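Examining the three-dimensional arrangement
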Amino acid sequence: MSPPLDGLDWLEPSDTALLETLLLEAPVAFAFYDSDLRYRRINRMLAEINHVPMAAHIGRRPSDLLPAELAASVEQRLVEVLETGRVITEDDVTAPIPVTGETRHYQSQWFPARSESGEIIGVAVLVSDVTERRRSETARRRSQDHTLRLQHATASLAGALTVDDVSRVAADVCRASLGAPDAQVLLAGQGAATPAEDAGEWRSLPLIVSGGQIGTLRVLLPGERGREQGDEVFLEALAGQCAIALERARLYERERSTAMALQRSLLPDLLPVTPGVELAARFRPGSHEADVGGDWYDAFALPDGRLVLVVGDVMGKGVAAAAGMGRLRSALRALAFVNPLPEAVLRGLDRVYTGTEEPDQIATLVYLLVNPSVGRVAVGGAGHLPLVRVRPGEPPELIDAGSGSTPLGWPEPRVQRTLDLVPGDILLGITDGVVERRGYDLEEGLHKVLEAVALPTGSLDDLVERVAGTLLGHTTGRDDATLLAVRFVG
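Below you will find a few notes about this structure. (Residues numbered from 1 in each chain as written. Predicted model: local features only at pLDDT ≥ 70, side-chain atom pairs only at ≥ 80, totals over all residues. Heavy atoms only, no water.)

1. Looking at the overall build of the protein
Note the threshold: Secondary structure is summarised from DSSP: a helix means a run of H or I of at least four residues, a strand means a run of E of at least two, and numbering begins at the N terminus for each. Residue contacts are defined here by distance: any two heavy atoms, one from each residue, within 4.5 Å place the two residues in contact. With residues, only the protein chains shown are counted as cover, and all accessible areas are computed by Shrake-Rupley using a 1.4 Å probe.
Secondary structure assignment for the protein yields 13 helices and 18 strands. Put simply, of all contacts in the protein between residues at least 6 apart along the chain, 62% involve residues at least 24 apart. A total of about 24000 Å² of accessible surface is found on the protein, and carbon and sulfur atoms cover 54% of it.

Laid out in structure tokens, this is it:
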């Protein structure tokens, strides 16, 4: 007759001692339940987890001892194993410690116990406390996530050109990595805009560069989220990246402001008033994230009543491009007062440019010498875009202004062409910032200009404004753009 499975009396004394030792002292929690879901065996570790003496378990159900939610979960698993006979493994079960309420993580395996006839007579469960391992894994994943987000923040901050850009990137990173509802980057001496109701704790970190503290990173950490290992290190690393970006943004904004002031100071304050012609111009600086360039225009009258109009572009960015534009403008004016013909001025500019500018500096322009008294214009160009001509009753067209020629400083025989104007004729010169845009090429841009000038218009100023508004708008990444137009009124 087979020995009963509900006791240990069939074992040798040494076997019984060994089994009891394993049950009581094993490094995993253990329990055996009968088919009525009652405890028949339990070791010390599981009893301590339940915070109930070992002896108090025997003969009672989990619902008699444990908190309702935990008891229901245990009994559900017991019933499932008893009914299906399958082994159930749960990798991550969370349950509160009855006394402290601390949430712990457990890994459990539930085994059906069978008699020799195959009948399921109970369930054995092995439970391992994996809280520390889960915490370590969570901390490792969080550290990896912090590292990836910090790398992303570094890349994003590299493109942050303003203090607002730096603050926006910092807020995005803190929100994604720490659940922070708000983060601010403040310049030294700048007051903080703190909401009236803070749902958390503000943490302030100094932004320090070699010259000292230049600002502060303020992060609102949510109150319901506890500090986790690595959060402080992450915040300090982010503050270091923000400090570098903030210093770069300050330098960029100072240089941009200087370049824009220089650029604007070199443009004419007023367009000359000349009988027989009407003038209109627009200069639009690039969008904030684009560097200041060397786009420019000029318009001045000669002593004999003729008019010089120029639209040009010095390649490059910042103060250097604006300064190069200033030198080019001064040289052109000097040459025009000596001999204003386009080919003579362009030859002179080639010599000046070769002697004063760096070899890799490139500049293009279109030059018009307008004679209002006879309705004639002499045109010359150095590698610049074509002019746009609008003649009443005819479709607008592009007029070559030396677009196939070399830029200044690359001397070649300079030529000019003469255009005869009739009353109402309009000539429009532009820089590439008007027509070159992400999303379409130069040809598409020029076509859009022709479409814009073909619409009925009132004054010349209205036409130039419409072209500027249609082509420029608020496009992100747009470079400087210049438009200069002349209409022959007879």
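Don't stop here, the text continues.
2. Things to note about the sheet that holds strand 10 (residues 294–301)
Defined as follows: Paired strands, in this sense, are two strands between which DSSP finds at least two bridges. In this description, a line fitted to the C-alpha atoms serves as the axis of each element, helices being fitted only across the stretch in contact, and the angle between N-to-C directions of two axes falls anywhere from 0 to 180 degrees.
Read across the sheet, five strands follow the order 10-11-12-13-16 without closing on themselves; strand pairing throughout is antiparallel. Of all the strands in the sheet, just strand 10 and strand 16 (417–420) have a single pairing partner and so form its edges. Strand-to-strand, the axes of this sheet are offset by a mean angle of 15°, without reference to chain direction.

3. Some remarks on helix 12 (residues 442–454)
Heads up, the condition is: A helix's residues, less one, multiplied by 1.5 Å, set its expected span. Any residue under 20% of the maximum accessible area for its type is buried, any over 50% is exposed, and the rest in between are partly exposed; the area is computed with a 1.4 Å probe on protein chains only. Here, the arc refers to the directions that run from the helix axis to the C-beta atoms.
In a regular helix each residue adds 1.5 Å, so 13 residues correspond to 18 Å; helix 12 covers 19 Å between its end C-alpha atoms and thus fits that length. Inspection of helix 12 places Gly445, Leu446, Val449, Leu450, Ala452 and Val453 among the buried residues, and these make up the whole buried set. With its buried residues spanning 165° around the axis, helix 12 presents them on a single face. Looking at the buried positions of helix 12, the neighbouring elements they touch are strand 14 (387–390), strand 15 (397–399), strand 17 (426–430), helix 11 (432–435) and helix 13 (460–471).

4. As for the packing of helix 6 (residues 131–158) against helix 7 (residues 163–178)
In plain terms, the rule: What sets the label is the angle itself: under 35 degrees gives roughly parallel, over 145 gives roughly antiparallel, 65 to 115 gives roughly perpendicular, and the rest give oblique. Take the far helix as the reference: if the near one is turned anticlockwise from it by less than a right angle, the crossing is left-handed, and if turned clockwise, right-handed. Polar here means any residue other than Ala, Val, Leu, Ile, Met, Phe, Trp, Tyr, Cys and Pro, which are nonpolar, and Asp, Glu, Lys and Arg, which are charged; Gly is therefore polar.
It is the contact of helix 6 with helix 7, at a shortest axis distance of 10 Å, that shows an interaxial angle of 165°. It follows that helix 6 is roughly antiparallel to helix 7 by the angle criterion. Where helix 6 crosses over helix 7, the two elements pack in a sense that is right-handed. In this structure, helix 6 contributes Arg142, His146, Arg149, Ala153, Ser156 and Leu157 to the contact, and helix 7 contributes Val166, Val169, Val173, Ala176, Ser177 and Leu178. Considered class by class, the residues forming the contact of helix 6 with helix 7 number seven nonpolar, three polar and two charged.

5. Some words on the sheet that holds strand 18 (residues 481–488)
The five strands lie next to each other as 9-18-17-14-15, forming an open sheet whose pairing is antiparallel. What marks the edges here is a single partner per strand, and that holds for strand 9 (277–284) and strand 15. Mean inter-strand twist for the sheet, computed between neighbouring axes without regard to direction, equals 20°. Judged from the five bridges that link them, strand 17 and strand 18 form a sheet pairing that is antiparallel. Within the sheet, the bridge partner assigned to Leu427 lies in strand 18 and is Val486. Contacts from helix 13 reach strand 9, strand 17 and strand 18 within the one sheet, and its direction differs from that of strand 9 by about 25°.

6. As for the side chain of Thr431
Selection criterion: Polar contacts, as counted here, are pairs of nitrogen or oxygen atoms within 3.5 Å of one another; within protein the pair requires one atom able to donate a hydrogen and one able to accept it, and residues that are adjacent in sequence qualify only if both atoms are side-chain atoms.
Looking at where Thr431 falls in the secondary structure, it is placed in the loop between strand 17 and helix 11. Within the local environment of Thr431, its side chain forms a polar contact with the side chain of Asp295, the two groups lying 2.7 Å apart. Only 2.9 Å separates the side chain of Thr431 from the backbone nitrogen of Thr482, close enough to count as a polar contact. In this structure Thr431 touches Asp295, Val311, Gly312, Asp313, His384, Leu385, Asp480, Ala481 and Thr482, once residues within four positions along its chain are discounted.

7. As for the side chain of His57
Examined against the element boundaries, His57 turns out to sit in helix 3 (residues 54–57). Not counting the four nearest positions on each side in its chain, His57 is found in contact with Tyr39, Ile42, Ala47, Asn50, Val52 and Leu65.

8. Points about empty space enclosed by the protein
Note the following rule: A pocket here means an open set of points on a 1 Å grid, computed over the protein atoms alone, that has protein on both sides within 12 Å along at least five of seven lines. A cavity is instead a set of points where a 1.4 Å probe fits but cannot get out; residues with an atom within 4 Å of a point line either one. Grid points are joined across faces, edges and corners, and a volume is the space filled by probe spheres set on the points.
Counting across every chain of the model gives one cavity of 30 Å³ or more. Here the largest cavity is characterised by a volume of approximately 50 Å³. Residue lining of the largest cavity: Leu309, Val311, Val366, Leu368, Leu387, Leu427, Leu428, Gly429, Leu484, Ala485 and Val486, and that is the complete set. Breaking the lining of the largest cavity down by element, the ones donating at least two residues are strand 11 (307–314), strand 12 (363–371), strand 17 and strand 18.

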